[in-house]
Amino acid sequence: MTKYKSKIQSDGSCPFCFSIHEKSRFVPPEVPDNPDIILIGEAPSKDEIQYRTTEFPNGRPFVGASGQVLRKIIKSLNIHPIIINASNCFSLEKPTTDVINRTREGYLLPLLNQYPTLPVVALGAYAAQLIVGGKHGETSLAGEARYLYRRTVVFTYHPAYFLYEHDDRILTEIETSIRAALRPYQKPKYITGILPKDVETVIIDVETTKASYPWYDSKLLLVGIMPIGKPAYILRPEEITDEYKTFLKNNVRNVVGHNLLFDLVHLSFQGIRLSKARTHDTLIYRKNLFPNEWSYGLKDLARRYLPLPAWQAWFHTQLAEQRDLCTVDFNKLSAYNAYDLYATEQLYLQQTKKYNPFLLEMDYMSYILQMTMNGMCVDTNSLNDLGRRTTEKLLEIESNIRSCYGLGSDFNFRSPAQLKIWFNKLGIQLPDTKEETLNEHKLEHPVFRDLLEVRDLAKLGGTSINGLQKYIDEKSLVHSTVSVHGAETGRSASSRPNLQNTDPRVRSNYMSRYGDRGKLLYSDLSSLEYRLIAHASGENKLIQIFNKDEDIHKSAYREIFKRDATSEVERKLGKTANYAGVYECGIWKFINLTGLPESEARIIFERLKNLYPKVNFWKREVIYQLRATGVVFNLFGRSRYFPGKITPEIEREAINWIIQSSGHDVLKIYLMESMDILSSRFPKEVCPLLINESHDSFTLDSKLEVVEEAYKIITDVSNKLNSLINEIFGVKLKVPITAKVKILEVWE
């Protein structure tokens with residue numbers, strides 16, 4: 001063991017922070033003979049300062065509970081690390097920025113100078129702060145890598161996080177981070193400026209100035225194309241001629257990528273369309289087959305499953321410092337891209353088993369690509385007018401509240417602290433000022449309803465309107481970022497902006513891009529989840545309702561209240577009853593949803609428990625299987641594994657997953673079949689455009705001359721969904737799956 005030379009105070013405390021922690025005790029870094037890596041922790045505990053041996057007379061870092069976890073990993077890897085903490089002194093307080101800065105100057109930098117070639121692994125946020133600098137909270141970098149002090153630095157979790165979460169995936173992350181840091185960097189093989197000809201199966205990856213789509217100031221810097229088993233070809237966009245674009249379109253049969261849709265959108269924007277190629281997304285493959293990975297980033301998966309170094313370290317350091325890839329050296333950017341291509345290729349070669357859910361999503365990707373390129377048209381004048389009226393209404397309500405309650409002009413309705421003070425003056429006692437809390441108590445005081453309206457209008461004007469406006473391009477189109485497998489259920493997910501969860505008041509501002517010469521076609525799968533639950537459970541009441549084409553919510557109202565629903569309000573009560581009866585909810589949530597008096601709500605709530613007895617039995621069977629195996633299957637063979645302890649929350653999630661994932665599988669085949677028939681029926685210039693899909697619905701933009709015929713085609717497909725489901729999935733459903741198709745002036 002190399003003796004660490006450091007001046008220690010007579011009482012055993014550290015000279016660098018003695019004035020700050022009077023009762024702190026110094027535990028020097030551990031420096032073995034011939035070390036091969038530097039590990040950085042947080043601070044010593046009492047276990048560390050009480051550890052006294054001949055070899056470690058002043059204590060030893062990482063010998064407590066976290067230390068036992070770390071040293072088990074160290075032993076399994078057969079490594080000899082230097083171990084240093086962000087603060088080498090024991091204290092009851094967390095390390096301050098001042099203490100960390102002193103540790104960096106007094107201990108870390110001398111070690112880095114003494115061992116200039118050793119890689120570093122930072123365990124936790126305080127360790128990251130020690131080597132990166134800055135304030136605590138600015139350095140949450142777990143899973144990332146940097147090139148600092150002329151060496152690779154990999155950031156991961158502190159072992160204490162594992163002791164808190166009891167999740168073995170955290171241990172895997174720590175171990176694989178150390179492995180990646182130890183692997184030497186080797187320059188990848190790549191060729192620049194030459195167009196590859198062997199392109200039947202290729203890996204592709206693009207580098208852009210931003211992690212966004214090209215309509216939003218994201219510039220394409222280079223295109224990486226790698227034939228299987230060959231070097232990477234790195235091309236500038238201007239080097240890809242129209243002739244070569246045609247060559248790629250006609251000759252690429254399989255295209256592989258990690259988060260492939262992002263690459264395909266940028267390529268399509270440049271006129272590079274690989275429309276004849278089958279797709280394979282290595283990220284979606286992992287999500288389908290292994291839905292409980294800690295993370296799915298390319299570098300994360302490569303760190304776990306491939307013997308590759310943290311090749312992104314230098315590149316991400318440049319990105320963090322410059323935040324402009326245009327200034328990054330092209331050769332270094334090319335090397336980074338070539339490593340990405342190689343890692344993607346190696347993952348692809350491991351993914352030999354092709355199974356139906358994955359193949360379905362790969363087929364679906366081409367439709368989502370077209371949807372993204374098409375975009376949705378916004379009536380900007382109408383949206384601006386809505387924004388103006390929303391602001392005026394918000395200011396009016398705030399002014400009325402101030403006037404009514406004597407609040408000053410400086411009162412901030414968005415400040416929880418000011419709201420609590422005001423509530424105390426009004427004699428109102430609430431645990432907090434969150435929206436859900438105000439909703440629960442909105443009948444108790446009129447001010448709660450006023451505040452909820454203020455928040456609603458502020459959200460409408462801010463997130464829903466102002467947030468949308470920055471995504472409207474020069475053609476008044478919005479191109480959302482859609483992930484084909486964005487949710488655990490296999491549903492797609494929309495963001496920047498989220499077009500799957502648009503405020504109804506904003507939806508009416510979406511229109512046909514053809515103006516007066518166009519309409520929107522909207523198709524919504526009717527009561528889809530309830531129909532699938534009816535099939536899964538065999539619940540006779542539900543099966544009878546759907547086979548007779550009755551309204552499920554009116555039927556529930558009649559069952560519960562013993563009379564027919566004659567208004568939309570009564571139908572809504574039936575809808576709430578169905579939600580509570582099928583998906584379950586607590587009594588207080590039921591009272592809040594229905595607005596009924598507590599005494600009446602409790603009577604109805606009891607009736608709901610046996611509204612659909614076979615549904616309850618089916619859920620118990622699912623939970624039994626889940627507890628026994630940790631695995632559940634949806635109606636069409638898609639599976640999901642739930643690791644760890646099966647809690648009531650996990651049980652509810654598993655049941656929801658079965659139905660929601662089944663529902664989106666139905667939507668996928670409905671949408672694809674509809675678009676295939678439309679594409680074969682109409683010339684490209686008049687074929688309706690797919691512009692949105694959302695869980696159980698999709699929307700098209702159509703020219704007037706074909707809208708009626710397109711409506712009939714989509715309706716006809718919806719009437720044949722059961723036979724289509726049986727043909728593709730081999731499942732004969734007990735209830736009809738139907739859709740309502742509408743021709744609209746604006747989106748609804």
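*Asks:* Sorry, what's going on with the overall build of the chain here?
*Replies:* When helices and strands are counted, the chain shows 28 helices and 24 strands. The C-alpha radius of gyration computed for the chain amounts to 30 Å, which stays within 12% of the reference 27 Å derived for 748 residues, consistent with globular compactness. In terms of overall dimensions, the chain has C-alpha extents of about 85 × 75 × 60 Å along its principal axes. Within the chain, buried positions represent 54% of all 748 residues. In the chain, of all internal contacts separated by at least 6 residues, the share reaching a separation of at least 24 is 69%. Put simply, the chain shows about 35,400 Å² of open surface, and 49% of that area lies on carbon and sulfur atoms. Treating the 96 positive side-chain charges of the chain as one cloud and the 90 negative ones as another, the clouds have centres 3 Å apart.

*Asks:* For this particular structure, what's the right way to read the packing of aromatic side chains?
*Replies:* A full pass over the atoms with the stated rule returns 25 aromatic pairs. Judged by centre distance (6.1 Å) and plane angle (65°), the rings of Tyr-51 and Phe-56 are edge-to-face. One aromatic cluster is present, built from ring pairs that chain together Tyr-405, Phe-411, Phe-413, Trp-422, Phe-423 and Phe-448. The positively charged end of Arg-236 is found above the aromatic ring belonging to Phe-330, 3.7 Å away from the centroid. Above the plane of the ring of Tyr-296 lies Lys-287, whose end atom (NZ or CZ) is 5.8 Å from the centre.

*Asks:* Sorry, what's going on with the pattern of salt bridges here?
*Replies:* When the charged atoms of two side chains with opposite charge come close together, those side chains can pair. All chains considered together, the criterion is met by 40 salt bridges. Glu-173 is the partner of Arg-304 in a salt bridge, and the nearest nitrogen-oxygen pair spans 2.6 Å. Of this pair, Arg-304 sits in helix H10 (residues 298–305) while Glu-173 is found in helix H6 (residues 168–182), placing the two residues 131 residues apart along the sequence. On the basis of relative accessible area, Glu-173 is assigned to the buried category, the value being 2%. The partner of Lys-668 in a salt bridge is Asp-665, with the nearest N and O atoms 3.9 Å apart.

*Asks:* Hey, could you run me through the sheet that holds strand E14 (residues 376–378) in this one?
*Replies:* Strands pair in a sheet through their backbones, by hydrogen bonds, and they do so in one of two ways: parallel or antiparallel. Spatial strand order, E15-E14-E18: three strands in an open sheet with antiparallel pairing. Two strands bound the open sheet, and with one partner strand each, they are strand E15 (477–478) and strand E18 (510–511). For E14 and E15, the ladder comprises two bridges, and the chain directions are antiparallel. Counterpart to Cys-377 in the pairing with E15 is Leu-477.

*Asks:* It is not clear to me how helix H22 (residues 568–583) should be interpreted in this structure. Could you clarify?
*Replies:* Counting along an α-helix, one turn takes 3.6 residues, and residues three or four places apart therefore face a common direction. Taking 1.5 Å of rise per residue, 16 residues should cover 22 Å, and H22 covers 22 Å from first to last C-alpha, within 8% of that figure. For H22, the set of buried residues is Glu-570, Leu-573, Gly-574, Thr-576, Ala-577, Asn-578, Ala-580, Gly-581, Val-582 and Tyr-583. Looking at the buried residues of H22, the elements they touch are helix H19 (528–537), helix H21 (552–561), helix H23 (587–594), helix H24 (598–608), helix H25 (613–629) and helix H26 (648–681). Of the residues flanking the end of H22, it is Glu-584, one or two places downstream, whose phi is positive at about 70°.

*Asks:* Explain the packing of helix H2 (residues 65–77) against H6 to me, please; I cannot follow it from the model alone.
*Replies:* For any two helices packed against each other, one specifies the crossing angle of their axes together with the interaxial distance. Packing of H2 against H6 brings their axes to within 11 Å, and their N-to-C directions diverge by 45°. Judged by the inter-axis angle, H2 sits oblique to H6. The two elements H2 and H6 cross, and the hand of that crossing is right-handed. Counted together, Val-69, Ile-73 and Leu-77 of H2 and Leu-171, Ile-174, Glu-175, Ile-178 and Arg-179 of H6 form the full contact between these two elements.

*Asks:* Would you mind showing me how to read helix H8 (residues 260–269) here?
*Replies:* Within H8, nine of the ten residues are buried, which leaves it mostly tucked inside the rest of the structure. Among the residues of H8, those classed as buried are Leu-260, Leu-261, Phe-262, Asp-263, Leu-264, Val-265, His-266, Leu-267 and Ser-268. On the buried face of H8, the contacting elements are strand E9 (201–208), strand E10 (220–227), strand E12 (254–257), strand E13 (278–281), helix H13 (356–374) and strand E16 (481–483).

*Asks:* Even after reading the chapter, I still don't get the nonpolar core, so can you show me in this structure?
*Replies:* As a rule of thumb, nonpolar side chains are buried together in soluble globular proteins. Leu-525, Leu-608, Tyr-670, Leu-678 and Ile-737 are the most contacted members of the largest nonpolar core, which has 139 residues in total. In terms of residue count, the dominant contributor to this core is H26 (14 residues). Not counting residues up to four positions away in its chain, the partners in contact with Leu-608 are Ile-560, Ala-577, Ala-580, Gly-581 and Phe-590. Among the nonpolar cores identified, the runner-up in size contains 27 residues, and Ile-203, Leu-301, Tyr-336 and Ala-343 belong to it.

*Asks:* Would you explain the sheet that holds strand E11 (residues 232–235) in this entry?
*Replies:* Pairing is mixed across the open sheet formed by six strands, whose spatial order is E8-E11-E10-E9-E12-E13. Edge positions in the open sheet fall to strand E8 (190–192) and E13, since each of these has one partner strand only. Strand-to-strand twist in this sheet, taken as the mean axis angle between neighbours without regard to direction, amounts to 25°. Bridge analysis of E12 against E13 gives four bridges, and the strand direction is parallel. Paired with Gly-257 across the bridge in E13 is Asp-281. Strand contacts of H8: E9, E10, E12 and E13, with the helix running at about 75° to E9, the strand carrying the most contacts.

*Asks:* For this particular structure, what's the right way to read the confidence of the model for the chain?
*Replies:* Low pLDDT marks regions whose predicted coordinates should not be analysed in detail. Mean pLDDT for the chain: 90, with 95% of residues reaching 70 or above. Below a pLDDT of 50 lies the segment residues 18–23, which in the model reaches nine contacts outside its immediate sequence neighbourhood of four places, other chains included.

*Asks:* Is there a simple way to explain unusual backbone geometry in this structure?
*Replies:* One can expect most non-glycine residues to show negative phi and most peptide bonds to be in trans. In this structure, Pro-497 follows Arg-496 across a cis peptide bond, with omega equal to -5°. Within the element layout of this structure, Pro-497 appears in the loop between strand E17 (493–495) and helix H18 (504–507). Residue His-166 is not a glycine yet carries a positive backbone phi of 55°. Looking at the element boundaries, His-166 is found in the loop between helix H5 (159–165) and H6. Residue classification places His-166 among the exposed positions, given a relative accessible area of 62%. At His-695, a position not held by glycine, the phi torsion is positive, near 65°. Along the chain, His-695 turns up in the loop between strand E22 (689–693) and strand E23 (697–703). Using a relative accessible area of 23% as the deciding quantity, one classes His-695 as partly exposed.

*Asks:* Would you mind going over a positive patch on the surface with me for this structure?
*Replies:* A cluster of basic side chains, namely Lys-249, Arg-253, Arg-273, Lys-276 and Lys-684, defines a positive patch on the protein surface. Since its relative accessible area comes to 37%, Lys-249 is described here as partly exposed.

*Asks:* Before we go on, may I ask you to explain the side chain of Glu-398 in this structure?
*Replies:* By secondary structure assignment, the location of Glu-398 is in helix H14 (residues 380–405). The exposure class assigned to Glu-398 is buried, which follows from its relative accessible area of 8%. Setting aside residues no more than four positions away along its own chain, Glu-398 makes contact with Phe-413, Arg-414 and Val-454.

Calculation criteria
Every chain is numbered independently, its residues counted from 1 as its sequence is written. Only residues with pLDDT of at least 70 are given local features in this predicted model, and only at 80 or more are side-chain atom pairs given and counted; all residues enter the totals for whole chains, interfaces and linings. Only hydrogens and water are removed before side-chain values are computed, so all heavy atoms of the structure are retained for them. Starting at the N terminus, helices and strands are each numbered in turn, a helix being any DSSP run of H or I of at least four residues and a strand any DSSP run of E of at least two. A radius of gyration in this sense is built from C-alpha atoms; the matching globule rule multiplies 2.2 Å by the number of residues raised to 0.38. Think of it in three bands: with a 1.4 Å probe and only protein chains considered, a residue is buried below 20% of the maximum accessible area for its type, exposed above 50%, and partly exposed in between. The contact definition used throughout considers only heavy atoms, calling two residues in contact when any of these lie within 4.5 Å. Working definition of accessibility: Shrake-Rupley area with a 1.4 Å probe, residue cover restricted to the visible protein chains. Only four residue types enter the tally: Lys and Arg on the positive side, Asp and Glu on the negative side; His and the chain ends are excluded. One atom stands in for each charge, and that atom is NZ of Lys, CZ of Arg, CG of Asp or CD of Glu. For Phe, Tyr and Trp, rings pair up if their centres lie within 6.5 Å, where Trp contributes its six-membered ring, and each pair is then called stacked (planes under 30 degrees apart), edge-to-face (over 60) or tilted (otherwise). Should the NZ of a Lys or the CZ of an Arg lie within 6 Å of a ring centre and within 35 degrees of the ring normal, that charge is described as sitting over the ring. Definition used for salt bridges: Asp or Glu carboxyl oxygen within 4 Å of a side-chain nitrogen of Lys or Arg. For two strands to count as paired, DSSP must find a minimum of two bridges between them. Helix span, as expected, comes to 1.5 Å for every residue beyond the first. Every axis in this analysis is a line fitted to C-alpha atoms, fitted for helices over the stretch in contact. Angles between the N-to-C directions lie between 0 and 180 degrees. Here the angle decides the label: under 35 degrees means roughly parallel, over 145 means roughly antiparallel, 65 to 115 means roughly perpendicular, and every other value means oblique. If you view the pair so one helix is near and one far, a crossing is left-handed when the near helix is turned anticlockwise from the far one by less than a right angle, and right-handed when it is turned clockwise. Put simply, a nonpolar core is a bunch of buried Ala, Val, Leu, Ile, Met, Phe, Trp, Tyr and Cys residues held in one set by side-chain atoms that sit within 4.5 Å of each other. Scored between 0 and 100, pLDDT is the confidence that the predictor attaches to each residue. Patch definition: residues above 30% relative accessible area lacking any salt bridge, with like charges linked at up to 9 Å and the nonpolar side chains Val, Leu, Ile, Met, Phe, Trp and Tyr linked at up to 5 Å.

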